[in-house]
Amino acid sequence: MEDGGTQHLGCCVVDMKELSANPEGLSAAAGTIPAKLQQLEFSIACNDLPASGRDRKPNALVQVAVIDPQRQQLVFHACTEIVEANKDPLFLTGVTLPSEYPDSQHLLVKLTVYDAKHKSQESSSFLGSATFSIGDLLRAKDGRLTLSLRSSDGVCTAGTVAVSHLKMGEMEEADHIATDTSSQKSPLVCEPADQSYIDREDYALTGPVFRNPICKVYRFQTADSKWMLVREQMEECTLSFTIPRQLLSLYIQEDKSRLQDLEDLGELSPHWDNLRKEVVTRYRGIISSYQDTLAEVQKITGSFKPSCCKAQKSLEFIPINLHTQRMRVTCPRKTDALYDIITVGAPAAHFHGFKCGGLQRLLSRYEGEKKSFSTAYQCIYYSPQHTAKAQEVLSTVSLLQPLITSLADQLLQAALEHSSHGLKDALKSLSDKTEQFVHTLKDELVKSALLALHAARPGYVSKSQKQTPVLCHQQGQGGDQNHSPVQGLPGHSPTTPVPESPVVCNNVKGGDSGSLKHQDSIPHHKEYDEEEWDRVWANVAKCLNCVIAKVDKLLEGDNSKQEPAPEQRLADVTTSHNPGDWREQLSPLVSRLKECVLEVVEKAKRAMTFVLLQEAACSIPQGFHLQQRRDVVFSQALAALACGFVMRLYAGLQDKDFLRQLHLVGLVAQFESLLSTYSEEIGMLEDMEVGISDLQKVVFKITEAKTDDLSELQPSVCGRRDHFTVEVPLPQVIFQTLPEEIKEGKPLRVFPVLFNVGINEQQTIAERFGDISLQERINQKNFEILEAYYKTLREKVPLECLPCFQTQADIKELLETLGQNVVTKKRKNVEILWIAGTICRRLNGIRFTSCKSAKDRTSMSVTLEQCALLRDEHQLSKDFFVRALDCMRREGCRIENVQKNIRCRKYAFNMLQLMAFPKCYRPPDGTYGKVDS
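Definitions and limits used
- Residues numbered from 1 in each chain as written.
- Predicted model: local features only at pLDDT ≥ 70, side-chain atom pairs only at ≥ 80, totals over all residues.
- Heavy atoms only, no water.
- Helix = DSSP H or I, 4+ residues; strand = E, 2+ residues; numbered from the N terminus.
- Buried < 20%, exposed > 50% of the residue type's maximum accessible area, 1.4 Å probe, protein only.
- Contact = heavy atoms within 4.5 Å.
- Areas by Shrake-Rupley, 256 points an atom, 1.4 Å probe, with all protein chains shown as cover.
- Pairing = 2+ DSSP bridges.
- Salt bridge = Lys/Arg side-chain N within 4 Å of Asp/Glu carboxyl O.
- Patch = residues over 30% accessible without salt bridge, like charges linked within 9 Å, V, L, I, M, F, W, Y side chains within 5 Å.
- Lys, Arg positive; Asp, Glu negative; His and termini not counted.
- Charge placed at Lys NZ, Arg CZ, Asp CG, Glu CD.
- Phe/Tyr/Trp six-rings, centres within 6.5 Å; stacked < 30°, edge-to-face > 60°.
- Polar contact = N/O pair within 3.5 Å; in protein donor to acceptor, adjacent residues only side chain to side chain.
- pLDDT = per-residue confidence, 0-100.
- Expected span 1.5 Å × (residues − 1).
- Axes fitted to C-alpha atoms, helices over the stretch in contact; angles between N-to-C directions.
- Parallel < 35°, antiparallel > 145°, perpendicular 65-115°, else oblique.
- Left-handed = near helix turned anticlockwise from the far one by under 90°.
- Nonpolar A, V, L, I, M, F, W, Y, C, P; charged D, E, K, R; others polar.
- Core = buried A, V, L, I, M, F, W, Y, C linked by side-chain atoms within 4.5 Å.

Student: Would you mind going over the overall build of the protein with me for this structure?
Tutor: A count of helical and extended segments in the protein gives 26 helices and 21 strands. Evaluated residue by residue, the protein yields a buried proportion of 57% over its 933 residues. Considering only contacts in the protein between residues 6 or more positions apart, those separated by 24 or more positions represent 77%. Approximately 39500 Å² of the protein is accessible, and the part contributed by carbon and sulfur atoms is 49%.

This is how it looks when you write it as C-alpha cells:
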C-alpha cells in the first residue's frame, strides 16, 4: 500500500461512535462514583522486519484497524509513531480499545506494518500484516501474542509482531515493556481509540460543561527506574458559546435600557435633542447588529470555534479554539497529581482587523482626540474617570433600589409578625444597603450633571453678566482645566470673563440678570434651586434615621414590658406600643423612605444618563466602534476565564485550604501569551491586554442548583458592562459541604495577570529593528499585580495552605527571580513565562496559554510545560525528557487539536521560522509544514 502515509493522517481520527454523553444518572451529581469503563490496552513490538534495501533498516510504523465481525467492515483505528532504522522496533505508542465494542471477545484487530521513507509519512511501502482476536489476546499466556507478519502474497513471512496486554493499573509489573530490545526502554503511549474516554469520577460535574474529550496515556521511566503513568485529557467547553450568548443578550438589554434612559431625559433644547437623536440611532444600530449575531450564534450546536473561523463576523464573540487540558500523573505509592491548563486563541477582534492597532493603542488615541470631538459636537468633555463613575452610579442605584424596597417590605413583615429578632435583622440589612446607596450618590459629579442637564432644557437663560460670551459654536475648554465638567457645556466656556457680555444659550436670547463679584462657571437658572439635590439626597438618610429610631422605640417598649416595672409605667407602655400596631407605626416612615429613594434614583439616573449622553455624543462614531471591539474581546476573555474557574473549582471541591483561599482572597488567573510585538500580532496583543484587564470587573458566585438535573449546572452571567457576575451552580449535596461564606453568596474575586514573550521569527525582527516596549510594559505592570496579590494572600491565608511541590524554591524567591527577569534586557526571555507559570501553580491559580490560534506555538508551550512538571515534580529520567516531549508533540492531544482545527496533522511552521524559535519550542521532524491555519 504505497500511500500509507496519507492514510495515517486520517486513521487516528476515525469516525468511531463516542460513548454516551449522558452521565450515569442523577446519583452521579450527588457524588456517587460510577464504575470505571473497562478498556483493553496493548503495546506493539516487531522483530526481524525485512530490509527494503542493502544496508538500510526499515523506518517502521504500524496501522491498527478493527474488523467488525457483524458488518465485516474494516475501520482504521490508530497508528503508532515511526521508529527509524530499526528492524526490531518497540513502539512508544500503544492502543486502547474501549468497552463499547459489541462482543469484544470476537472483535478482530488487524495490524499492518509499513516502511516509511520519511518521517512525514507521505510515502511508505507495505511490509506485512497480521490479524488476531481480542479473545486470543486475553487467553494468551502472560498476556502476550506473537504473530507472523504475512507479505503481500500472503505466503512469505516478513518478521513477527508481538502484542502485549497492558494493565495500566499494575504499575509495579511494567518492567516487561522493553523486554525485546533492551536499548529501547521507551515510554508507552496508550491511545484511546474512542475520543470520549474520560475519568468517570469527574464526569458527574464536568458533563454539562466539558465535552468531546480526547485522552492519551503514556508510561515514562523515572530517575529511579520505576514507571509513572501519565494521562493527557483534552476537552472542549460548552462555555465557548453559552457565555457569549448570555453576554450578547446582556449587551442588548443594557443598550435598550440606555435608549429608554435617553428618552426619559425629557425635553431638551434643539442642540441637545439633535445629539440625542444621533446617539439613539447609533445605539439602535449596535442593538440590531448584536441581535443578528446572537441569532446566528444560537443556531450553532458545537462547542468550539476552530482557528480557521477566527475572522468570521458571526463568530467574533466566540473564543478561538478554547480547550481544557489536564495531565494526571500516577506514581507508585504516591497520590495522583493533576495539572490543568486552558488553551485559547488570544482574545482579539480579528474581524475588525489590526491595521490601526488594537484596543490599547486605539483607546489611548481616542482619549486624546475626544476633547476635539467635544468641541466639534459642542458637548461637555468628560474624563474616563467621570464616565466610569457615571456608569458605576447607574449600576449601583439600579441594583440597590429594588433591594432596599425588598428589605423595607421584610421590615414591615417582621413588624406584622411582632418578631423582635426579625425586626433587628431586617433593620440591619436595610441600614447597610441604604447607607451604601447614600454613599454612592455622595459625589459632586451627580450635582454638577443635574445643573448641566438643567442648562440643556429649552429656554434656559444664564444669569451672570460677567460670564463669558456665550456663542453656540464657541470652543469649550473645560476639559483642559480642573473645573466641573459642566464648563464645557455649549454657551459656558471657562475662559476669561468679559464684563457686560451678551448671553445667548440654547438659541434663546437673554438680557441683564444681575451681577456676581466673581466668575461662576456653573450654569444657573433663576428658578433652579442649587441646594435641591443636597436636600433630596439627605432626605434618604433622614428617613432611615427616623425608621431606626422608631424600631428602637418599639423594641425598647417590648423589652420594658417584659421587665418588672411600676404599674403606671407598664400601662403607659402598653398604651403607646400596642403589639398589634408595630406595622401600622412603621408603615408611614417606611413608605416615606421608599419615596425618597425613588426620587433620588430618578434624579441620579437622569443626571448620569446626561453624562453618558455627552460621552456618546462626542465620541461618534469612533467611540461606538471601540465599544463594539471591546465587547468582542471581553466576550472571548470571559468565556475562557469562566471555563478556567469552573475547571479549577471542580478540582478543588474537596480541598478545604483551597476553598478558604477562594473566599478570603480570590484566585490569580495567569495568562501566558506567545504573540510577537510586530505587524498584526502587536494589535492582537493590544486587544488582549485590554480584554484581560477588563476581567477585573468580574466576580464569581457559587449557587445551589435548583434541581439535581445536570443541565442545571451550566454557569450563567448577569450584570452590565461595568460589572459582571458569573454564577456557578453546584449539586445540593456538594454545595452543602462548602464554607458558609461561599454558601451565603460571597463574591469570589479573580486577579487576571498577563505575561507575554514572543518566540517566532516576527519577534526576532521586533527585537532587532522594531519596538518591544509594549511587551516590557505589560510584563512589568502584571508582575506588580502578581506581587501585590501574593502580599495580600500572605496576610490572609497561611502559606501552609498552599499546595506542596517537590522543588525547593519558595514563592518569594520565585517572585524575586521573575522581577529580575522582567527588567532584564534579554531576547526571547521565555524564563519569564516558565517562572510565572510556576508561581501560578504554587498559588493555586488558573493557568492559560495563548498564541494567535492556540494551535501551534501553544502546543509547543503546553507540551514543554507538562514535561518540565514531570521532570521537576515526578523525577522523569533525564534520558526520557526529550523522548517524552517528542512523544507528546507527535502523538499526543495537541496534534489532535491541530487536526480538529485544520483537518491536517501538521503544525503550521516552516524550517525558516523554526530557526528563530528557542530550541525547546521546536516540534519533531515530520510534524510541521506549510498549511492553512
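Student: Any chance you could explain the pairing of strand S6 (residues 124-133) here in plain terms?
Tutor: Within a regular strand, the side chains alternate between the two sheet faces. The element S6 is largely enclosed, with a buried count of eight among its 10 residues. In the sheet, strand S5 (residues 108-116) pairs with S6 via nine bridges, with the strands oriented antiparallel. Residue pairing across strands places Tyr 114 opposite Phe 126, the latter belonging to S6.

Student: Sorry if this is basic, but what is going on with helix H25 (residues 893-902) here?
Tutor: Taking burial as the measure, the 10 residues of H25 include 10 buried ones, the bulk of the element. Looking at H25, one finds that the buried residues are Cys 893, Arg 894, Ile 895, Glu 896, Asn 897, Val 898, Gln 899, Lys 900, Asn 901 and Ile 902. Arg 903 occupies a position one or two residues after H25 and carries a positive phi of about 60°.

Student: Which parts of the structure should I look at to understand the pattern of salt bridges?
Tutor: Two side chains that carry opposite charge are able to pair once their charged atoms sit near each other. Following the criterion strictly, the structure yields 36 salt bridges and no others. A salt bridge links Asp 273 to Lys 277; the nearest nitrogen and oxygen atoms lie 3.7 Å apart. Of the two residues, Asp 273 and Lys 277 both sit in helix H6 (residues 270-298), four residues apart, roughly one turn of that helix. Here Lys 277 falls in the partly exposed class, since its relative accessible area comes to 49%. The partner of Arg 857 in a salt bridge is Glu 681, and the shortest N-O contact between them spans 2.7 Å. Of the two residues, Arg 857 sits in helix H23 (residues 857-874) while Glu 681 sits in helix H16 (residues 680-694), which places them 176 residues apart along the sequence. Assessed through its relative accessible area of 8%, Arg 857 is described here as buried.

Student: I would appreciate a short explanation of a negative patch on the surface in the present structure.
Tutor: Taken together, Glu 784, Glu 787, Asp 810, Glu 813 and Glu 816 make up a surface patch of like negative charges. Secondary-structure assignment places Glu 787 in helix H20 (residues 773-796).

Student: Explain the packing of aromatic side chains to me, please; I cannot follow it from the model alone.
Tutor: Aromatic rings in a pair are described by how distant their centres are and how their planes are angled relative to each other. Evaluation of the coordinates by the stated rule reveals 15 aromatic pairs. With 6.4 Å between their ring centres and 75° between their planes, Tyr 251 and Phe 724 make a pair best called edge-to-face. Within this pair, whereas Tyr 251 is found in helix H5 (residues 239-263), its partner Phe 724 is found in strand S19 (residues 723-730), the two being separated by 473 residues in sequence. On the accessibility criterion, Phe 724 (1% relative accessible area) is buried. Note on Phe 751 and Tyr 789: the rings are 5.1 Å apart at their centroids and 55° apart in plane angle, and the pair reads as tilted. Remark: Tyr 789 occurs in helix H20 and Phe 751 occurs in strand S20 (residues 748-756); sequence separation between them is 38 residues. The two residues Phe 751 and Tyr 789 agree in class, both being buried. Joined through ring pairs, the aromatic side chains of Tyr 251, Tyr 290, Phe 317, Phe 634 and Phe 724 make up one cluster.

Student: Just to check I follow, could you spell out the side chain of Asn 760 for this structure?
Tutor: When you line up the elements, Asn 760 lands in the loop between S20 and helix H19 (761-769). A polar side-chain atom of Asn 760 sits 3.1 Å from the main-chain amide nitrogen of Gln 763. Excluding anything up to four places from it in sequence, Asn 760 contacts Ser 676, Glu 681, Lys 828, Arg 857, Ala 916 and Phe 917.

Student: Just to check I follow, could you spell out the confidence of the model for the protein for this structure?
Tutor: Low-confidence regions, as indicated by low pLDDT, have predicted coordinates that should not be scrutinised in detail. Taken as a whole, the protein shows an average pLDDT of 80; of its residues, 79% reach a score of 70 or greater. Of the regions scoring below 50 in pLDDT, residues 169-204 engages in 131 contacts with residues more than four places distant in sequence or in other chains. Low pLDDT (under 50) marks residues 463-526, which in the prediction has 125 contacts with non-local residues, meaning those over four places away or in another chain.

Student: Looking at this model, I keep getting lost on the environment of Leu 399. Mind explaining?
Tutor: Examined against the element boundaries, Leu 399 turns out to sit in helix H8 (residues 384-416). Taking C-alpha positions, Leu 399 is 9.5 Å from Phe 437, a pair spaced 38 residues apart along the chain.

Student: Looking at this model, I keep getting lost on H8. Mind explaining?
Tutor: Note on helix geometry: an α-helix contains 3.6 residues per turn, so any two residues three or four positions apart are oriented the same way. With 33 residues, H8 ought to run about 48 Å at 1.5 Å a step, and its terminal C-alpha atoms sit 48 Å apart, in line with that. His 418 sits one or two residues past H8 and shows a positive phi near 55°.

Student: Please clarify how a nonpolar patch on the surface should be interpreted in this entry.
Tutor: Residues Tyr 678, Ile 765 and Phe 769 make up a contiguous nonpolar surface patch of about 320 Å² in total accessible area. Note that Ile 765 resides in helix H19. Take Ile 765: its relative accessible area is 32%, and that puts it in the partly exposed class.

Student: It is not clear to me how the packing of H6 against helix H14 (residues 622-651) should be interpreted in this structure. Could you clarify?
Tutor: Packed helices, taken two at a time, are described by the angle their axes make and the gap between the axes. Here H6 crosses H14 at 30°, and the two axes come no closer than 11 Å. Between H6 and H14, the angle is such that the two are roughly parallel. The crossing of H6 and H14 is right-handed. Facing H6, whose interface residues are Val 279, Arg 282, Tyr 283, Ile 286, Ser 289 and Tyr 290, H14 presents Phe 624, His 625, Gln 627, Gln 628 and Asp 631. Its residues placed into classes, the contact of H6 with H14 shows five nonpolar, four polar and two charged.

Student: I would appreciate a short explanation of the nonpolar core in the present structure.
Tutor: What tends to happen in soluble globular proteins is that the nonpolar side chains get buried as a cluster. Leu 411, Phe 437, Met 608, Phe 645, Phe 700 and Ile 702 are the most contacted members of the largest nonpolar core, which totals 142 residues. Every residue in contact with Phe 437, bar those within four places of it in the chain, is listed here: Val 397, Leu 400, Ile 404, Val 540, Val 597, Val 600 and Val 601. Grouped together as the second largest cluster of nonpolar side chains are 61 residues, Phe 755, Val 757, Phe 880 and Phe 881 included.

Student: Honestly, the pairing of strand S7 (residues 144-150) in this entry has me stumped. Any pointers?
Tutor: Pairing analysis gives six bridges linking S7 to strand S8 (residues 157-166), with the strands arranged antiparallel. Bridge pairing in S8 links Ser 148 to Thr 160. Linking S7 to S8, which pair antiparallel, is a turn of six residues; within it Gly 154 sits at a positive phi near 75°.

Student: Could you clarify how one ought to interpret unusual backbone geometry in this entry?
Tutor: In most cases, non-glycine residues show a negative phi, while peptide bonds are predominantly trans. Despite not being glycine, Asn 212 shows a phi value in the positive range, around 50°. Here Asn 212 is to be found in strand S10 (residues 210-221). Phi angles above zero are rare outside glycine, and Ala 854 is one such case at about 60°. Secondary-structure assignment places Ala 854 in the loop between strand S21 (846-850) and H23. Among the residues examined, Ala 854 registers a relative accessible area of 0% and is labelled buried.

Student: Even after reading the chapter, I still don't get the side chain of Asn 756, so can you show me in this structure?
Tutor: In this structure, Asn 756 sits in strand S20. Residue classification places Asn 756 among the buried residues on the basis of a relative accessible area of 0%. A polar side-chain atom of Asn 756 sits 2.5 Å from a polar atom in the side chain of Ser 673. Reaching out from Asn 756, the side chain makes a polar contact with the backbone oxygen of Leu 675 at a distance of 3.0 Å.

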